[in-house]
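Tertiary structure, described
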Amino acid sequence: MENEKSITSVLIVDDSPIIWLFLEQLFLSEGCDVVTAETGEEAVEYFKKRVFDVAFIDIRLTGMNGLETYKEMLKINPKTKAIMMTAYATDEIIDEAVKLGVVGCLRKPFGIDEALQSFNKLKK
Ligand SMILES: [Mg+2]
């Protein structure tokens, strides 16, 4: 594909181990360096310490929610590309996420195909 950017590092933020373990294995198999966080606060700390190409962020988290987490990431790196993940989000939350510049929203439950589609969107 033309102008496709390679993704070498991914930060996954989700309080559900079944989700982050699944995505971690998937992106490792895509050859990425993967870091996982279970809270937004933890994710922002990782973000301050190093650069990630992209982030997959759950909207519902304990403590700081996914949108707040993404806003903090944008303060650190305004070019941060992210996919939000949710089972519950209303259209308003998704609209707000899109206004903030997220690349897409991954609806739970999702499988390998949907996760890879989102991953590929981030390459554009
Ligand atoms: Mg959650």
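Residues numbered from 1 in each chain as written. Predicted model: local features only at pLDDT ≥ 70, side-chain atom pairs only at ≥ 80, totals over all residues. Heavy atoms only, no water.

Here we come to the overall build of the protein. Along the protein, the regular secondary structure elements total five helices and five strands. Starting at the N terminus and walking to the C terminus, you meet the elements of the protein as β-α-β-α-β-α-β-α-β-α. For the C-alpha atoms alone, the extent of the protein along its principal axes is close to 35 × 30 × 30 Å. Here the protein holds 124 residues, and 45% of them are scored as buried. Here the protein has roughly 6,700 Å² of accessible surface; of this, 53% comes from carbon and sulfur atoms. Across the protein, the centroid of the 15 positively charged side chains sits 6 Å from that of the 21 negatively charged ones. (Helix = DSSP H or I, 4+ residues; strand = E, 2+ residues; numbered from the N terminus. Buried < 20%, exposed > 50% of the residue type's maximum accessible area, 1.4 Å probe, protein only. Areas by Shrake-Rupley, 256 points an atom, 1.4 Å probe, with all protein chains shown as cover. Lys, Arg positive; Asp, Glu negative; His and termini not counted. Charge placed at Lys NZ, Arg CZ, Asp CG, Glu CD.)

Let us now look at the pairing of strand β2 (residues 33-37). Remark: a regular strand shows side chains that alternate across the two faces of the sheet. Buried residues dominate β2, accounting for four of its five residues. With five bridges joining them, strand β1 (residues 9-13) and β2 adopt parallel strand pairing. When the bridges of β2 are listed, L11 appears paired with V35. Read from β1 through helix α1 (residues 17-29) to β2, the crossover connection turns out right-handed. (Pairing = 2+ DSSP bridges. Right-handed = clockwise from strand over helix to strand, strands pointing away.)

Okay, the coordination of the magnesium ion next. Around the magnesium ion, the protein contributes the donor atoms D15 (OD), D58 (OD) and R60 (O), at 2.0 to 2.3 Å from the metal centre. Each donor residue of the magnesium ion belongs to the same chain, with the gaps between them written as D-x42-D-x1-R. In this pair, D15 sits in the loop between β1 and α1 while D58 sits in strand β3 (residues 54-58), placing the two residues 43 residues apart along the sequence. Using a relative accessible area of 32% as the deciding quantity, one classes D15 as partly exposed. (Donors = N, O, S within 2.8 Å, 3.2 Å for Na, K, Ca; no water.)

A separate point is the packing of aromatic side chains. Across all of its chains, the model carries four aromatic pairs by this definition. A ring pair is formed by F22 and F110, whose centres lie 6.1 Å apart and whose planes are at 50 degrees; its orientation type is tilted. Taken as a pair, F22 in helix α1 and F110 in the loop between β5 (104-107) and α5 (112-121) lie far apart in primary sequence, 88 residues in all. Residue class for F22 comes out partly exposed when judged on its relative accessible area of 28%. Overall, the relative accessible area of 14% leaves F110 in the buried class. On the basis of an interplanar angle of 45 degrees and a centroid distance of 4.9 Å, the ring pair of F27 and F56 is categorised as tilted. Of this pair, F27 sits in helix α1 while F56 sits in strand β3, placing them 29 residues apart in sequence. No difference in accessibility class separates F27 from F56, as the two residues are buried. Members of the aromatic cluster, joined through ring pairs, are F27, F56 and F119. Taking NZ or CZ as reference, R50 lies 4.2 Å from the ring centre of F52, over its face. It is R60 that lies over the ring of Y88; its NZ or CZ is 4.1 Å from the centre. (Phe/Tyr/Trp six-rings, centres within 6.5 Å; stacked < 30°, edge-to-face > 60°. Lys NZ or Arg CZ within 6 Å of the ring centre and 35° of its normal.)

Every buried residue belonging to helix α2 (residues 40-49) is among G40, A43, V44 and F47, and all of these are buried. All buried residues of α2 lie within an arc of 100 degrees about the axis, which places them on one face of the element. When the buried face of α2 is taken as reference, the exposed residues oriented beyond 90 degrees from it are K48 and K49. Packed against the buried residues of α2 are β1, β2 and α3 (66-76). (Arc of directions from axis to C-beta. Contact = heavy atoms within 4.5 Å.)

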